[in-house]
Amino acid sequence: GQQVMQIPQYQHVQEGEDFTTYCNSSTTLSNIQWYKQRPGGHPVFLIQLVKSGEVKKQKRLTFQFGEAKKNSSLHITATQTTDVGTYFCAGPSGTYKYIFGTGTRLKVLA
Amino acid sequence: NAGVTQTPKFQVLKTGQSMTLQCAQDMNHNSMYWYRQDPGMGLRLIYYSASEGTTDKGEVPNGYNVSRLNKREFSLRLESAAPSQTSVYFCAITKGPTGLRLYNGYTFGSGTRLTVV
């Protein structure tokens, strides 16, 4: 069945360092979404990418959708303690469902 | 969490007990979902309702039932709780189909933390 994998599973960085998480799908995706979940909280929608090769920025966050629409990445420049949490990607699985990646847990050391 | 309200926030059940998790939304969205989240397992879909009057199974439906009571409310029932159902349960909503080329991200509720002993 369809799978969405994320790497790495965990990442510890010093505050100010950059961070990247990668998302890979076993199938071509019509779009991909990214979410952030703070510890003890609920996932919060960050962005949706639709076009092949699309790049979108939100302040220090840069999102990319691969040319083949099977992979995506989230890059955070100069991490801050407020970036702590788990980042999930999600791809469509049928008309009404999304399948979530396993997530990357980010810890930022001050 | 504005838009999606889940009750209760915490619950402890004994094995074999039953309970219903409630979810209500005020965003007038068509589709509603129940996910469970376990450590290291990400979010797994239990059941969903694409629109009022319809429900469908997700990845892990065994041991659960759902009711789409109206457009606003979607409940999840555990008939006979088991320790394997200890998890955090999230209700989520979206506007509609995944192919919509506009903002269509999930809005999640704040979750129900369920422990079955």
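No experiment lies behind these values; they were computed from the predicted model shown. By convention here, each chain's residues receive numbers from 1 onward along its written sequence. Think of it this way: whatever chain is written first is A, whatever ligand is written first is 1, and the rest follow in order. In keeping with the model being predicted, local features are shown solely for residues with a pLDDT of at least 70 and side-chain atom pairs are shown and tallied solely at 80 or more, while totals for entire chains, interfaces and linings include all residues. For the side-chain quantities, the full set of heavy atoms in the structure was used; hydrogens and water were omitted.

A. Inspection of the overall build of chain B at higher detail. Under the scheme used here, helices are H or I runs from DSSP no shorter than 4 residues and strands are E runs no shorter than 2 residues, and both carry numbers assigned from the N terminus. Summing up its helical and strand segments, chain B has zero helices and eleven strands in all. Reading the helices (α) and strands (β) of chain B from amino to carboxyl end gives β-β-β-β-β-β-β-β-β-β-β. Every radius of gyration here is taken over C-alpha atoms, with the globule rule written as 2.2 Å times N^0.38, N being the number of residues. Expected size for 117 residues packed as a compact globule is a radius of gyration near 13 Å; at 14 Å, chain B falls within 12% of this value. Seen along its three principal axes, the alpha-carbon backbone of chain B occupies a region of about 45 × 30 × 25 Å. The buried share of chain B, reckoned over its 117 residues, is 48%. Note on exposure labels: buried denotes an accessible area under 20% of the residue type's maximum, exposed denotes more than 50%, and partly exposed covers the range between, all computed with a 1.4 Å probe on protein chains only.

B. Here's a closer look at the sheet that holds strand E8 (residues 74-78) of chain B. Residue and element names in this part refer to chain B. At least two bridges found by DSSP between two strands is the condition for calling them paired. Reading across the sheet, the four strands line up as E1-E3-E8-E7 and stay open at both edges, with antiparallel pairing between neighbours. At either end of the open sheet lies a strand with only one pairing partner, and these are strand E1 (4-7) and strand E7 (64-68). Neighbour-to-neighbour, the strand axes of the sheet open up by a mean angle of 15°, direction not taken into account. Where E1 and strand E3 (residues 19-25) come together, four bridges link them in antiparallel fashion. Paired with threonine 5 across the strands is alanine 24, a residue of E3. To get an axis, a line is fitted to the C-alpha atoms, and for a helix only the part in contact is used. The angle between two axes follows their N-to-C directions and goes from 0 to 180 degrees.

C. Highlighting the packing of aromatic side chains. The aromatic pairing rule takes the rings of Phe, Tyr and Trp, using the six-membered ring of Trp, and pairs them if the centres are within 6.5 Å, calling planes under 30 degrees apart stacked, those over 60 edge-to-face and the rest tilted. Counted by the stated rule, this structure contains 19 aromatic pairs over all chains. Taken together, a centroid distance of 5.8 Å and an interplanar angle of 75° make the contact between tyrosine 98 of chain A and tyrosine 106 of chain B edge-to-face. Pair noted here: tyrosine 98 of chain A is in strand E10 (residues 98-100) and tyrosine 106 of chain B is in the loop between strand E9 (87-94) and strand E10 (107-108), and the two residues belong to different chains. Note on tyrosine 106 of chain B: relative accessible area 1%, which makes it buried. Between phenylalanine 100 of chain A and phenylalanine 108 of chain B, the aromatic rings sit 6.2 Å apart at their centres with planes inclined by 70°, giving edge-to-face as the arrangement. Taken as a pair, phenylalanine 100 of chain A in strand E10 and phenylalanine 108 of chain B in strand E10 lie in two separate chains rather than in one. Here the two residues phenylalanine 100 of chain A and phenylalanine 108 of chain B agree in accessibility, since each one is buried.

By themselves these figures say nothing about function.
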